[in-house]
Amino acid sequence: MLNNRYIDRLFPFHFVLDKDMRILRKGGSLLKLLPRDDAFSTCFQFVKPGLGIDYTFESIQSFENQTFILRIASNEKKILLKGEFVYHTEEAKLVFCGSPWLRSDDDYTALGLVDSDFALHDSMLDLVHVKKQHALTTQDLLSVNSKLEEAIQKNQDISRFPTENPNPVARFNKDGQLLFCNEAFHENIQPFLTFQDEIQNAFYTGQNITKEINVDGRFFNTMFVPIIDRGYVNLYCAEITAQKLAEKKLQSSESNFRYIVETTNQLIISFNTKLEATWMNQRFAELTGYSSQESLSLYDLFEDAAFKSIVDKLFRSNDEKQHEHIEGKLRIKDGKFLEIEGVAYCQIKYDGGISVDFYLNNISDKKQYLTELEEQRSYYADLFDNLPADVAVLDSNFRFQYLNRSAISDEQLRDWLIGKREIDYFRFRGLPLDKAIDREARFKLMVDEKSRETWEDVYNEGMPNEKVMLRNMLPIFDDKKLVYILAYGVDITQLKKGRDLLNVKNEELEKVNKDLDSFVYSASHDLRAPLLSILGLLDVINRQVQTDEKIAGYLSMIRGVILRLDDTIKDILSYSKNSRVEITSSPIDLKAMIDTIFQGMRHFLPREIRMDIAIQGDCGLHTDEVRIRSLLNNLISNAIKYSRESDAGSWIKINALIEPASFTLTITDNGEGIPADRQAKVFDMFYRASKNSQGSGLGLYICAEIIKKLEGQISLISSPGQGTTFSITLPNHSQ
Amino acid sequence: MLFDFLLIDDDPIFNFLNEKIVSETGFAKAITIQVSAEEALVYLNKLQEKGSPFPTILLLDLRMPSMNGIEFLALFHQFPEETIKQTHIYMLSSSLNENDRNKTLSFKNVRAFLSKPLMIEQLEELCKKISEEK
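This structure is a prediction, so every number in the text was calculated from the model and none was measured.

Summarise the overall build of chain B; cite the residues concerned and give the values.
From N to C terminus, chain B includes six helices and five strands. For chain B, the sequential pattern of α-helices and β-strands runs β-α-β-α-β-α-α-β-α-β-α. The globule rule puts the C-alpha radius of gyration for 134 residues at 14 Å, and the 14 Å found for chain B is close to it. Counting only C-alpha atoms and orienting by the principal axes, one finds that chain B spans roughly 35 × 30 × 25 Å. Taken across its 134 residues, chain B has 53% of its residues classed as buried.

Okay, structure coming up:
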């Protein structure tokens, strides 16, 4: 029997099968792989020869000198064993002599086997080692190669970085010579700039130098990086044109904003959540006297608690769209207050912070103005209320806009009337509406015709408390459009009464005047008629009865006295007429008038008197015919009465100069004349200058009165024994 | 040439004086005196009815009781034109009133307004004038 020990040493992977195909014994190394006692069929599968049949003890015995490859089925690694079955005749057993069939060293170490598990002669181990060695070398070569390729690829990729870089990149030697540059540098910078100084500076200081450059309107940030040990300087550029422009734009808009904020008339102040002022604009500082450096709180500036609640509300909202109207008093540095009005905004900052900003207008002046306006308004309202006249203002629809106290004394009623029409008032008072309707129709007509209306309202007519109001309606237009109607009423009751009284008196006076006129007329006629009868009778006596001289003398005296009495009556009548009869104006033929007057006196001439008339001026004379006749009558009769005997004969000269606006008359005689001391008195009433005077003493007084009435002038020049000249100037109404 | 005279005045003294003066002038063919305007109108009506000619010269006082001279003139001028055309009317008044004067002169047949008392020279002049016209 073969010593087991030897067999195990020679074939550490052997096993022994009995006729029932049971594994009786296993080599030590196989035991490592198949530690459990299992049947052959569960432990091994036949790989070669692969007959597709179940091997039996006998079938295996028949395959003597045949190499078998078995797969250890129960082992997870499916290890292959290669060897031969040897039949042991004495014991009638099959012994498998073989060892694992391996392809690399991983195979057996993975199986948990070591070199010592193999028989020393087993070439499999060598084979495995050779194979292993070979595999190692190849592996290395392949690995180096792929690494090399990878490195090349990597290098290529890296080298594309600078060339494909859109930013300019360049490398210079320390003397400033360009060693390398990319397309971007070549195109954009190289033609325009050199960097000698920067390169040397960077190289010799060993420091990176950064610089912003402007190339043909484009901006670049540059960095010169010295690589001392290699003797060159890398230049990296980055275009910042867009940022630069954006920045400029930002700067300009910021400066605009700043300008607006600083120059605005608004007061701007910003508060943080602690209600501290964090910023104020210049206007705010100017007007309040505070400065941004001061620590101010909302309470310092605004005493009114309403401000705090507004600010709190805005902070709570945390919403930029929120804003609140604010109005009130702002306490300024000197302790005074500004009236302000504005808006508070909630402002969320870019850093997420929040503030409340006040944008305020100083309305102190406005307030002051409004206060003054109100004072003025109340002043005028007072004035109107105390005016002793009804004042109302109606709008273009005839609705009351204003009524003063005099118009409507009851305040409630006055307030109620504002905005209402007069018809509403009539309805309220239960007055007949047709009067109000009629009145509005008159308003409309007045507005259409742009005229003013005046009428009298009579209340309690005929009663002791009768009241008369004079109403005036004055429409006020602005560029043809009716703006309002000013209505005012004045109590003219007393005036009216006075006027009525005056009218009555006037009527009475007129009646008295008329009566007087008629009385004077009748009286003069009735007084004169008997005188004239006597004169007529005297005339008859003179002509028919032969009387002695004495009686003739008496008769003549009677005649003279009667004539004087008649003259006096005529004078009184003339005076009465001049003072009462209105001035009239009619065309006058002065020459004819003088002739007629003189002719009328012809029968009473005391002696031969010559009359010369000279009239100059070809414009017509218009004046009061009756008065002029009376005037001439008096002056001519005076000249006749006071004529005197003269060698040259008695004469009267009348000169007239007629001008468009006035005329002058001179009546000159060569009569007695008037002593100087009496000249001033001749125009007085009942004054008789001459002893020879047989008149009433009214003649010249009447002349002066007529001149006064006609607004003219009369004067005289006279010397006793020479004659008298009366000069008259009177207006000519020819135009 | 002689004329028919009609004198109308309520004052008998003036009528007496005027009749005297008229007759003294020697121009009077006949002198009729009426003491009121109404009676004068009755007289004139009778003349008209009879177809007798109207007086040539009529001396008329202005102020008379009842109907005055102006009222008379208004009625007088209602006689047919043909009847009154030869009558010359002279107002004779003591009135100095311009209105009276102007009113009467506006009547067609009134020739002049004479102041009382009537003077013989004045009347002679008028009569001469009228004779010359005819």
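Could you give an account of the sheet that holds strand S12 (residues 267-271) of chain A, with specific residues and numbers?
Residue and element names in this part refer to chain A. Spatial strand order, S13-S12-S16-S15-S14: five strands in an open sheet with antiparallel pairing. Here the strands that pair on one side only, and so sit at the sheet edges, are strand S13 (277-280) and strand S14 (323-331). Neighbouring strand axes in the sheet, compared pairwise and without regard to direction, differ in orientation by 30 degrees on average. Where S12 and S13 come together, three bridges link them in antiparallel fashion. The partner of Ser 270 across the bridge, within S13, is Trp 279. Where helix H12 (residues 305-317) meets the sheet, it contacts S12, S14, strand S15 (337-348) and strand S16 (354-362), and its direction lies at approximately 145 degrees from that of S14.

Hey, could you go over the pattern of salt bridges for me, with residue numbers and the actual values?
One pass over the structure, following the stated rule, counts 42 salt bridges over all chains. As a salt-bridge pair, Arg 499 of chain A and Glu 456 of chain A come within 3.2 Å of each other at their nearest N and O atoms. Separated by 43 residues along the polypeptide, Arg 499 of chain A in helix H17 (residues 493-544) and Glu 456 of chain A in strand S19 (residues 453-459) bring together distant segments of the chain. Ionic pairing is found between Asp 61 of chain B and Lys 116 of chain B, a salt bridge with its closest N-O pair at 3.3 Å. Pair noted here: Asp 61 of chain B is in strand S3 (residues 57-61) and Lys 116 of chain B is in the loop between strand S5 (110-115) and helix H6 (120-133), with a separation of 55 residues, a long-range link.

Residue-level account of the packing of aromatic side chains, with values.
Taken as a whole, this structure holds 31 aromatic pairs over all chains when the rule is applied. Between Phe 15 of chain A and Phe 44 of chain A the ring centres are 4.8 Å apart and the planes differ by 15 degrees, which places this aromatic pair in the stacked class. Highlighted residues: Phe 15 of chain A in strand S1 (residues 15-17) and Phe 44 of chain A in strand S3 (residues 44-48), separated in sequence by 29 residues. For the pair Phe 15 of chain A and Phe 44 of chain A, a shared accessibility class is recorded, and that class is buried. Consider the rings of Phe 76 of chain B and Phe 79 of chain B, whose centres lie 6.0 Å apart with planes at 75 degrees: the pair is edge-to-face. As far as the burial class goes, Phe 76 of chain B and Phe 79 of chain B line up, both buried. By the ring-pair criterion, three or more aromatic residues cluster together here, those being Phe 15, Phe 40, Phe 44, Phe 46, Phe 68, Phe 85 and Phe 96 of chain A. If you follow Lys 244 of chain A out to its NZ or CZ, it ends over the ring of Phe 219 of chain A, 5.7 Å from the centre. Across the ring face of Trp 651 of chain A, the terminal group of Lys 653 of chain A is positioned such that the distance to the ring centre comes to 4.2 Å.

Lay out a nonpolar patch on the surface in plain terms, naming residues and giving numbers.
On the surface, a nonpolar cluster with roughly 460 Å² of combined accessible area is contributed by Tyr 379, Tyr 380, Leu 383, Phe 384 and Leu 387 of chain A. Along the chain, Phe 384 of chain A turns up in helix H13 (residues 364-386).

Quick rundown of the domain arrangement of chain A? Include the residues and the values.
What the domain assignment reports for chain A is domain 1 (4-132), domain 2 (165-244), domain 3 (264-368), domain 4 (387-491), domain 5 (501-581) and domain 6 (583-731). Its C-alpha centre places domain 1 of chain A at a distance of 203 Å from the equivalent point of domain 5 of chain A.

Give me the lowdown on the interface of chain A and chain B, citing residues and values where you can.
Taken together, the contacts link 21 residues of chain A with 23 residues of chain B. Regarding the contact of chain A and chain B, the summed buried area is about 2100 Å², with carbon and sulfur atoms giving 59% of it. At the junction of chain A and chain B, the tally comes to two salt bridges. Asp 526 of chain A is paired through a salt bridge with Arg 63 of chain B; the nearest N and O atoms lie 3.9 Å apart. At the surface where chain A touches chain B, the tally comes to two residue pairs in polar contact (both at pLDDT 80 or more). Here the element with the most residues in the side of chain A that touches chain B is H17 of chain A; it accounts for 14 residues. Looking at the side of chain A that touches chain B residue by residue, the classes come out as eight nonpolar, six polar and seven charged.

Tell me about the environment of Ile 717 of chain A, residues and numbers included.
All names here are of chain A. Tracing the backbone shows Ile 717 in strand S27 (residues 713-719). Residue classification places Ile 717 among the exposed residues on the basis of a relative accessible area of 62%. Taking the C-alpha atoms as reference, Ile 717 lies 98 Å from Ile 268; in sequence the two are 449 residues apart. Those residues within four positions of Ile 717 in sequence are excluded, and the remaining contacts are Gly 723, Thr 724 and Thr 725.

Provide a residue-level description of the confidence of the model for chain B, including the pertinent values.
If pLDDT is low for a region, its predicted coordinates should not be looked at in detail. Chain-level pLDDT for chain B is 91 on average; 99% of the residues reach the 70-or-more range. At the level of individual helices and strands, chain B shows its lowest average pLDDT in helix H5 (residues 98-105) of chain B, which scores 86, and its highest in S3 of chain B, which scores 95.

Calculation criteria
- Residues numbered from 1 in each chain as written.
- Chains lettered and ligands numbered in written order.
- Predicted model: local features only at pLDDT ≥ 70, side-chain atom pairs only at ≥ 80, totals over all residues.
- Heavy atoms only, no water.
- Helix = DSSP H or I, 4+ residues; strand = E, 2+ residues; numbered from the N terminus.
- Rg over C-alpha atoms; globule rule 2.2 N^0.38 Å.
- Buried < 20%, exposed > 50% of the residue type's maximum accessible area, 1.4 Å probe, protein only.
- Pairing = 2+ DSSP bridges.
- Axes fitted to C-alpha atoms, helices over the stretch in contact; angles between N-to-C directions.
- Contact = heavy atoms within 4.5 Å.
- Salt bridge = Lys/Arg side-chain N within 4 Å of Asp/Glu carboxyl O.
- Phe/Tyr/Trp six-rings, centres within 6.5 Å; stacked < 30°, edge-to-face > 60°.
- Lys NZ or Arg CZ within 6 Å of the ring centre and 35° of its normal.
- Patch = residues over 30% accessible without salt bridge, like charges linked within 9 Å, V, L, I, M, F, W, Y side chains within 5 Å.
- Areas by Shrake-Rupley, 256 points an atom, 1.4 Å probe, with all protein chains shown as cover.
- Domains from an automatic or database assignment.
- Buried area = accessible area lost by both parts, 1.4 Å probe.
- Polar contact = N/O pair within 3.5 Å; in protein donor to acceptor, adjacent residues only side chain to side chain.
- Nonpolar A, V, L, I, M, F, W, Y, C, P; charged D, E, K, R; others polar.
- pLDDT = per-residue confidence, 0-100.

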